[in-house]
Amino acid sequence: APAAGVQATSYHLVASSGSPGQDGALSLTETWFQDEDHIRNLQSWEGPEGLEWPGFGIIVNGDEAWMYMAEGGVIRASHGPAAELGRTFPDQYAQSLADILAQYEGDCQTVETAGESEIAGRAAYGIEVSPNFEQCPGLLPQGRDLLKMGGLSMWVDQETFLPLKTEQLDTDGNVLYKYEVTSLESGIEIDAATFTYDPPKGVEVVEAVDLTGAKNVISGQPSEGPPPVECAPPLDPEKPGSTAANC
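Keep in mind that what you see is a predicted model, and the values were worked out from it rather than measured. (Residues numbered from 1 in each chain as written. Predicted model: local features only at pLDDT ≥ 70, side-chain atom pairs only at ≥ 80, totals over all residues. Heavy atoms only, no water.)

### Let's talk about unusual backbone geometry
- Backbone geometry at alanine 120 places phi at a positive 55 degrees, although glycine is not the residue there.
- Looking at the element boundaries, alanine 120 is found in the loop between strand 7 (109-119) and strand 8 (122-131).
- A relative accessible area of 36% places alanine 120 in the partly exposed class. (Helix = DSSP H or I, 4+ residues; strand = E, 2+ residues; numbered from the N terminus. Buried < 20%, exposed > 50% of the residue type's maximum accessible area, 1.4 Å probe, protein only.)

As structure tokens, this is what we get:
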């Protein structure tokens, strides 16, 4: 049996995320996961008129990792220890519905199951997370209706317990942020070459000793300088709203 907190099933996942009604931009994510030591994640962004933003990628292969960014026809890449660059991925993976519920219980919020559904052809558990005003009354703005306060709706895969869909709501029930898996294959064999970075011709892979250095390299700054101000958009499907560089 896998150790507690370790994702037990290999998978290949494709998802999109964005903020409906705002700039119309979509974040497109593709992830290959063999085990906690072999992970590849690719991310790109697409505007409302098909305009594409930089592509970001990170690969973990054993004790080494690569991070790269494509922007304006230029690719910058870094290589370093997985113990540093691999910190962009979660340390813990849910192994049950109870694990998912425990992640959201407390901290001025309540969580409850909300039936079952089907997302991307996969059976899913529904979960609702809401502000807990009894525990933290200061969260409730004066004059607001409890029924109109924002919350989080989530659907998790019944086999892998990966989030298949999340919707972050505002205080009027409008969707602020949406993440949805469009394809998920689990329990599959993944080619070992997937977890090695083969840079395009002419691309220099710069060595980085830590995550800050790797972030600097792919943003075009000296690897030994301070971390860049801007960070990559959401990367981790386990934690909606997280950033690629944990900023």
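### Here's the deal with the packing of aromatic side chains
- Inspection of every chain in the model, using the stated rule, returns two aromatic pairs.
- Judged by centre distance (5.2 Å) and plane angle (5 degrees), the ring pair of tyrosine 11 and phenylalanine 33 falls under stacked. In this pair, tyrosine 11 is assigned in strand 1 (residues 11-18) and phenylalanine 33 in strand 2 (residues 26-35), connecting sequence segments 22 residues apart.
- Assessed through its relative accessible area of 4%, tyrosine 11 is described here as buried.
- Taking the relative accessible area as the measure of exposure, phenylalanine 33 reaches 1% and is therefore buried.
- We note lysine 165 situated over the ring of tryptophan 155; from NZ or CZ to the ring centre the distance is 5.1 Å. (Phe/Tyr/Trp six-rings, centres within 6.5 Å; stacked < 30°, edge-to-face > 60°. Lys NZ or Arg CZ within 6 Å of the ring centre and 35° of its normal.)

### Details of the pattern of salt bridges
- Within the structure shown, the criterion is met by five salt bridges.
- For glutamate 71, the salt bridge identified is with arginine 76, shortest N-O distance 4.0 Å.
- We note a salt bridge from lysine 178 to glutamate 180, for which the minimum N-O separation is 3.6 Å.
- Given a relative accessible area of 24%, glutamate 180 falls into the partly exposed group.
- One connected set of salt bridges, linked through shared partners, spans Arg122, Asp157 and Glu159. (Salt bridge = Lys/Arg side-chain N within 4 Å of Asp/Glu carboxyl O.)

Worth remembering: the numbers are spatial, not functional.
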